[in-house]
Amino acid sequence: EDKVVQSPLSLVVHEGDTVTLNCSYEVTNFRSLLWYKQEKKAPTFLFMLTSSGIEKKSGRLSSILDKKELSSILNITATQTGDSAIYLCAVGGLTGTASKLTFGTGTRLQVTL
Amino acid sequence: GAVVSQHPSRVICKSGTSVKIECRSLDFQATTMFWYRQFPKQSLMLMATSNEGSKATYEQGVEKDKFLINHASLTLSTLTVTSAHPEDSSFYICSARDGAGNQPQHFGDGTRLSIL
């Protein structure tokens, strides 16, 4: 059974701090690892990492995939209160012809003033 | 970017009612859409994969007669919760992927279903 584990489960930091969120996985026929941000509604897409794209960056957010260690990190520098959210890691695997995502339980990040 | 619209955003109804939730891809064609369920403080659990023009593929433990899925066109999938009961109360979220291949899923805003 595919499995995705995220750590820490929750995190409280001060505005301006840098945070690192972790994701490890066990999945059949790995295809991709995705990071999403979930605030009050449904998740919004941040990054997708694959064998051909193991590092992505957008503004203060960046992510790296370590295929050897079966893990990924999401970094947020100079955090702002608007970064407060649940960050979900999902891994895409291929079972037969079915490609689907398995989600971790998420890391709840709270950024305080 | 890819936009997915989900409607309604919130439903409150009596036990025994059937509820239909729509998921539309607004600016792309989605041969595959996904339906998830999320309980409070838990992650997304895949319920079923909806394939345009064919039957949905349900995850283990999900009752296909309870959760009817129809994917009649490349831009619309519907989930009908039949004869809903209080234990069906949850946050239901759909997602769609642009075309085949290894593309990210984009999510609708979700439907919060409350059965009294």
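Preceding this paragraph is the structure being described.
From a predicted model like this one, the values you see are computed outputs, not experimental measurements.

Rules and cut-offs
Residues numbered from 1 in each chain as written. Chains lettered and ligands numbered in written order. Predicted model: local features only at pLDDT ≥ 70, side-chain atom pairs only at ≥ 80, totals over all residues. Heavy atoms only, no water. Pairing = 2+ DSSP bridges. Helix = DSSP H or I, 4+ residues; strand = E, 2+ residues; numbered from the N terminus. Axes fitted to C-alpha atoms, helices over the stretch in contact; angles between N-to-C directions. Contact = heavy atoms within 4.5 Å. Buried area = accessible area lost by both parts, 1.4 Å probe. Salt bridge = Lys/Arg side-chain N within 4 Å of Asp/Glu carboxyl O. Polar contact = N/O pair within 3.5 Å; in protein donor to acceptor, adjacent residues only side chain to side chain. Buried < 20%, exposed > 50% of the residue type's maximum accessible area, 1.4 Å probe, protein only.

Asker: Could you clarify how one ought to interpret the sheet that holds strand β7 (residues 67-73) of chain B in this entry?
Answerer: Paired through their backbone hydrogen bonds, the strands of a sheet run either parallel or antiparallel. Residues and elements named next belong to chain B. Pairing is antiparallel across the open sheet formed by four strands, whose spatial order is β1-β3-β8-β7. Whereas interior strands pair on both sides, the edge strands pair on one side only; in this sheet they are β1 (4-7) and β7. Pairs of neighbouring strands in the sheet enclose a mean axial angle of 15°, with direction left out of account. Sheet topology note: the β1/strand β3 (residues 19-25) ladder contains four bridges and is antiparallel. Bridge pairing in β3 links Ser5 to Arg24.

Asker: Would you mind showing me how to read the sheet that holds strand β8 (residues 71-76) of chain A here?
Answerer: Residue and element names in this part refer to chain A. Overall, antiparallel pairing links the five strands, which are arranged β1-β3-β8-β7-β6 in an open sheet. Looking at strand neighbours, the two that pair on one side only are β1 (3-7) and β6 (55-58), the edges of this open sheet. Between one strand axis and the next, the sheet turns by 15° as a mean value, whatever way the strands run. The pairing of strand β7 (residues 61-66) with β8 spans six bridges and is antiparallel. Note on β8: the bridge partner recorded for Leu65 is Ser72.

Asker: Explanation requested: the interface of chain A and chain B in the structure shown.
Answerer: When the parts of a complex come together, some accessible area is lost, and that lost area is often taken as the interface size. Contact with chain A, which involves 19 residues of that partner, is made by 21 residues of chain B. The largest contributions to the chain A side of the interface with chain B come from Ala42(A), Lys100(A) and Phe103(A), which together make up 26% of the buried area. If you look at where chain A meets chain B, you find one salt bridge. Between Glu59(B) and Lys100(A) there is a salt bridge; the shortest N-O distance is 2.7 Å. Across the contact surface, chain A and chain B share four residue pairs in polar contact (both at pLDDT 80 or more). Listed by contribution, the elements that provide at least two residues to the side of chain A that touches chain B are β4 (30-38), β5 (44-49) and β10 (98-103) of chain A. At five residues, the largest contribution of residues to the side of chain A that touches chain B is made by β4(A).

Asker: What exactly am I supposed to notice about the pattern of salt bridges here?
Answerer: When their charged atoms lie close together, side chains carrying opposite charge are able to pair. All names here are of chain B. Counted by the stated rule, this structure contains four salt bridges over all chains. Ionic pairing is found between Arg24 and Glu22, a salt bridge with its closest N-O pair at 3.4 Å. Note on Arg24: relative accessible area 34%, which makes it partly exposed.

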